[in-house]
Amino acid sequence: MARITASVYTSHVPAIGAALDLGKTHEPYWQPVFQGYEFGKQWMKDNKPDVIFLVFNDHATAFSLDMIPTFAIGTAAEYQPADEGWGPRPVPKVIGHPDLASHIAQSVIQQDFDLTIVNKMDVDHGLTVPLSLMCGPQDPVKGAWPCPVIPFAVNVVQYPVPSGRRCYNLGKAIAKAVASYDEDINVQIWGTGGMSHQLQGPRAGLINKDFDNAFLDKLINDPEAAADIPHIDYVRDAGSEGIELVMWLIARGAMADAAGGPRPKAVQRFYHVPASNTAVGHLILENT
């Protein structure tokens, strides 16, 4: 059967993608950010999955305020990098895994989670920046990401948004779906977005190191407590965009201990501020 071997958590700040694409990674401002991902890049080479299930939020490219699904799973064979107003990022197209994606959709919907099935979608920085951070630069024409990716978009843009508990339980359902897939493959699940930040209003630029590090502590050692953080705490303590952290709970809920297995091993933890007025967090957990 298929198995989830690890979960990866990372911010997906668009300016990080711009710094990568414009060759600014060694500039003093950006160097500490990218140094924090050197371990992750080597870890990816040493622990290459067969498929990545990548949880992210769309930023008004595939979806708009006219239609926003709470949870949407990509079942297409490939996905092009989105034009977010200044041209697509110079990265390869994303190859999907329609068979596993369709299997997960079938299983998760039968577990009473309503998913939107997406057969055509461009993917924005929410998905491509994490791939760049963990896999390194790729030639947009001749290059390729190391494995197929299943995009899973979550609405954290327009209220109402799903609760942390709902996301955590969804992760459990995804893990059950993967385990029922007949092919013997290694799957990683990635949760992206966050950490604390606010992009508008009187509190624009807000960063809360204490909240972020407490969240990382809970995510590693007490995910049930992390799942119970109410929305108002995210908004008040982590800024209006801090709610993106509920997407990390989907990945955490898919780990073995959420279903009564052993606690995963934390092999990497990184935190840095600022990166374009945003706190950057990164974590890797391995099932044991």
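Just above sits the structure.
The shown structure was predicted, so the numbers you read here are calculated from the model rather than taken from an experiment.

Q: Report on the overall build of the protein, specifying residues and quantitative values.
A: A tally of regular secondary structure across the protein gives ten helices and ten strands. Computed over the C-alpha atoms, the radius of gyration of the protein is 17 Å, within 12% of the 19 Å expected from 2.2 N^0.38 for a compact globule of 288 residues. The C-alpha extent of the protein, read off along each of the three principal axes, is 50 × 45 × 40 Å. Split into buried and exposed, the 288 residues of the protein put 53% on the buried side. Pairs at least 24 residues apart make up 80% of the contacts formed inside the protein by residues separated by at least 6 positions. On the protein, roughly 11,900 Å² of surface is accessible, and the fraction owed to carbon and sulfur atoms is 52%.

Q: How would you explain the pattern of salt bridges if you had to name every residue and give the values?
A: Taken as a whole and assessed by the stated rule, the structure comprises ten salt bridges. The closest approach of N and O atoms between Glu224 and Arg165, which form a salt bridge, is 2.8 Å. One end of the pair, Glu224, is in helix 8 (residues 223-227); the other, Arg165, is in helix 6 (residues 164-179), with 59 residues separating them in the sequence. With a relative accessible area of 23%, Arg165 lands in the partly exposed category.

Q: Please give an account of the nonpolar core that cites residues and values.
A: The biggest cluster of nonpolar side chains holds 57 residues, and the ones touching the most others in it are Phe152, Phe215 and Ile250. Excluding anything up to four places from it in sequence, Phe152 contacts Phe53, Leu54, Val55, Phe56, Phe71, Ala72, Ile73, Leu115, Leu170 and Ile250. Judged by nonpolar contacts, the second largest core, of 39 residues, contains Val13, Trp43, Met44 and Phe56.

Q: Before we move on, can you summarise the packing of helix 6 against helix 10 (residues 246-253) with the specific residues and values?
A: Contact geometry of helix 6 with helix 10 gives a least axis separation of 6 Å together with a crossing angle of 30°. As for the relative orientation of helix 6 and helix 10, their crossing is right-handed in sense. Contacts from Gly164, Cys167, Tyr168, Leu170, Gly171, Lys172 and Ile174 of helix 6 reach helix 10 at Val246, Leu249, Ile250, Arg252 and Gly253. Counted by class, the contact of helix 6 with helix 10 contains seven nonpolar, three polar and two charged residues.

Q: Any details on the layout of surface pockets? Residues and values, ideally.
A: Of the volumes computed, that of the largest pocket is approximately 360 Å³. Residue lining of the largest pocket: 19 residues in total, with His59, His197, Leu199, Glu241 and Glu244 positioned closest to the centre. A breakdown of the residues in the lining of the largest pocket according to their chemical character gives eight nonpolar, nine polar and two charged. Empty space within the second largest pocket amounts to approximately 240 Å³. What lines the second largest pocket is a set of 16 residues, and nearest its centre among them are Ile4, Ala175, Ala179, Ala254 and Ala256. For the lining of the second largest pocket, the secondary-structure elements that each account for two or more residues are strand 1 (3-10) and helix 6.

Q: Describe the packing of aromatic side chains, naming the residues involved and giving the relevant values.
A: Aromatic ring pairs are reported here in terms of the distance separating the ring centres and the angle at which the planes meet. Taken as a whole, this structure holds ten aromatic pairs when the rule is applied. Ring centres of Tyr9 and Trp248 lie 5.7 Å apart, and the angle between their planes is 40°; this geometry places the pair in the tilted category. Of this pair, Tyr9 sits in strand 1 while Trp248 sits in helix 10, and the two are 239 residues apart along the sequence. Given the relative accessible area of 0%, Tyr9 is considered buried. Assessed through its relative accessible area of 0%, Trp248 is described here as buried. Summarising the aromatic geometry, the rings of Phe211 and Phe215 are spaced 6.5 Å apart at their centres and angled 15° between planes, so their arrangement reads as stacked.

Q: Describe in detail the pairing of strand 10 (residues 280-286), supporting the description with residues and values.
A: Within strand 10, six of the seven residues are buried, which leaves the element mostly enclosed by the surrounding structure. Across five bridges, strand 1 lies against strand 10 in antiparallel orientation. Its bridge partner lying in strand 10, Ser7 is registered against Leu285. Judged from the seven bridges that link them, strand 9 (residues 265-272) and strand 10 form a sheet pairing that is antiparallel. Bridge pairing in strand 10 places Arg269 opposite Leu283.

Calculation rules
Residues numbered from 1 in each chain as written. Predicted model: local features only at pLDDT ≥ 70, side-chain atom pairs only at ≥ 80, totals over all residues. Heavy atoms only, no water. Helix = DSSP H or I, 4+ residues; strand = E, 2+ residues; numbered from the N terminus. Rg over C-alpha atoms; globule rule 2.2 N^0.38 Å. Buried < 20%, exposed > 50% of the residue type's maximum accessible area, 1.4 Å probe, protein only. Contact = heavy atoms within 4.5 Å. Areas by Shrake-Rupley, 256 points an atom, 1.4 Å probe, with all protein chains shown as cover. Salt bridge = Lys/Arg side-chain N within 4 Å of Asp/Glu carboxyl O. Core = buried A, V, L, I, M, F, W, Y, C linked by side-chain atoms within 4.5 Å. Axes fitted to C-alpha atoms, helices over the stretch in contact; angles between N-to-C directions. Left-handed = near helix turned anticlockwise from the far one by under 90°. Nonpolar A, V, L, I, M, F, W, Y, C, P; charged D, E, K, R; others polar. 1 Å grid on protein atoms, 1.4 Å probe; cavity = no way out; pocket = protein on both sides within 12 Å on 5 of 7 lines; lining within 4 Å. Points joined across faces, edges and corners; volume = space filled by probe spheres on them. Phe/Tyr/Trp six-rings, centres within 6.5 Å; stacked < 30°, edge-to-face > 60°. Pairing = 2+ DSSP bridges.

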